[in-house]
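The chain contents come next:
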Amino acid sequence: SGKTSTSVGVEQEAVQTLQTMSGENIKKESENASGDSEKSANQTLHDLVAPDNNTTAANGTKDVPEDDEDVMSSKRSPKKVSCKPRELDAGEAPAVQIVNATELIQVLKITQSAPGNVTAEGDCVLIMFYAPWCPFSAAAAPPFHALARAFPHIQVLAIDAIKNSHLNTRFGTVAVPNIMLFYNGKALSRFNQSERSLEQLSMFVKNHTGLEGDTSVEVLPEDYAGPLPTTPSDDPDYFLWASWAFIATFTGVALLRSSPGKRCLVWLGVLVPVQHQHAD
C-alpha cells in the first residue's frame, strides 16, 4: 500500500507539472499572437498614413506610373488597323482628289487585294461624300483639304453624292457631308462628330489607325480655293423638289379620300352626293 500511495503521488506531481507547462505555453502563444496583431495594426495604420507612388493627390488626380499611363493612353485611343504608307510620286503634294463613281469603285477594288487581317498593314482611304449646295459640306472642305497634308500617307478622296447618287445606298449616305474611313476596300468607320474641324478629323484618323499626323499643319487660305467647293452653290436641288412634290401629292390624295375631304368636295360642288331611292 505504501508503494501504491507513492506512485499515486508521483503521478499527481507529473500531472501538475504538465498543466503548469501547458499553461505557460498557452500564455506565451497568446502574448505572441497579441504582439503580431499589434504589429499588423501598426503596419496597416502606417500604410494608411504614409504616401506612396499611387496615392491620390490633393487635386483629385491619381499619380500613375509611366507604364500605366501608356496603358491608359492606349485604351483611350485604340489602334484598330495598321495603314500601309502610300507612296507619293516625285514632286507630288498630298491633296484631296475628287473622283467619280467609276474611279471610286476602282480604288476600292485595288485596295481589296490586300490581306483582310487588321494586324497586317493595309491600304487606308479616307472619303468624303459631299453636295455642292450643302453649307455643311462647304464648311468642312477647308479642314478636309488640310487633313490631306497632315496625313500624307493616307489617300484622301471626295465624291459628289448628288451626281453619283446611286452609291448613296451602298455606302449608307443619308446626309452630307459623310466622311468614312476604308481599310482594304471595306468601310471601317464613319465620322459622327458635329464639329468637323481639323483637330477633330485628325483625332478620328488617329483613333482608328494609330498614325500621328503632322501637328504643324494648319488650315491655310489656299484651302478655301478648292478642289472641294467652300461656298454653297446656287444650283437647284431637284431631288429635294421631287421629294416635296411627292409628299404634297400623297398628302393631297389621302386628304381627298378621307371623310372630311369628301364633305369639302361636296360643299364646293365638285362631288355630287349619291342619293339612294327607297321603295314605298
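The preceding data block contains the structure.
Report on the accompanying structure. On a predicted model such as this, the values are computed, not experimentally measured, just so you know.

1. Structural notes on helix 3 (residues 101-111)
Those residues of helix 3 that fall on the buried side of the exposure criterion are A101, L104, I105, V107, L108 and T111. Projected down its long axis, helix 3 carries its buried residues within an arc of 160 degrees, all on one side. The exposed set on the far side of helix 3, more than 90 degrees from its buried face, consists of T102, K109 and I110. Looking at the packing, one finds that the buried side of helix 3 touches strand 2 (97-99), strand 4 (124-130), strand 5 (155-160), helix 5 (168-171) and strand 6 (178-183).

2. Describing the pairing of strand 5
Each regular strand shows side chains that alternate between the opposite faces of the sheet. Counting buried positions along strand 5 gives six out of six residues, so the element sits mostly inside the fold. Two elements, strand 2 and strand 5, share three bridges in a ladder whose sense is parallel. Bridge assignment links I98 to a residue of strand 5, and that residue is A158. Two elements, strand 4 and strand 5, share six bridges in a ladder whose sense is parallel. By the bridge assignment, V125 is partnered in strand 5 with Q155. Viewed along the sheet, the connection from strand 4 through helix 4 (residues 135-150) into strand 5 turns out right-handed.

3. Thoughts on the sheet that holds strand 4
What links the strands of a sheet is backbone hydrogen bonding, and the strands pair in either a parallel or an antiparallel sense. Ordered by their spatial adjacency, five strands build an open sheet running 2-5-4-6-7, and the pairing between neighbours is mixed. The open sheet is flanked by strand 2 and strand 7 (186-190), the only strands paired with a single partner. Taking the axes of each pair of neighbouring strands and ignoring which way they run, one obtains an average angle of 35 degrees across the sheet. Across the sheet, helix 4 touches strand 4, strand 5 and strand 6, and the angle it forms with strand 4 is around 160 degrees.

4. With respect to the pairing of strand 6
The element strand 6 is extensively covered by neighbouring structure, given that six of its six residues are classed as buried. Both faces of strand 6 are covered, namely the face carrying N178, M180 and F182 and the face carrying I179, L181 and Y183. Across six bridges, the pairing between strand 4 and strand 6 is antiparallel. Directly across from I127, in strand 6, lies its bridge partner M180. Note: strand 6 against strand 7, four bridges, orientation antiparallel. Each bridged residue has a counterpart across the sheet, and for Y183 the counterpart in strand 7 is K186.

What counts, and where the lines are drawn
Residues numbered from 1 in each chain as written. Predicted model: local features only at pLDDT ≥ 70, side-chain atom pairs only at ≥ 80, totals over all residues. Heavy atoms only, no water. Buried < 20%, exposed > 50% of the residue type's maximum accessible area, 1.4 Å probe, protein only. Helix = DSSP H or I, 4+ residues; strand = E, 2+ residues; numbered from the N terminus. Arc of directions from axis to C-beta. Contact = heavy atoms within 4.5 Å. Pairing = 2+ DSSP bridges. Right-handed = clockwise from strand over helix to strand, strands pointing away. Axes fitted to C-alpha atoms, helices over the stretch in contact; angles between N-to-C directions.

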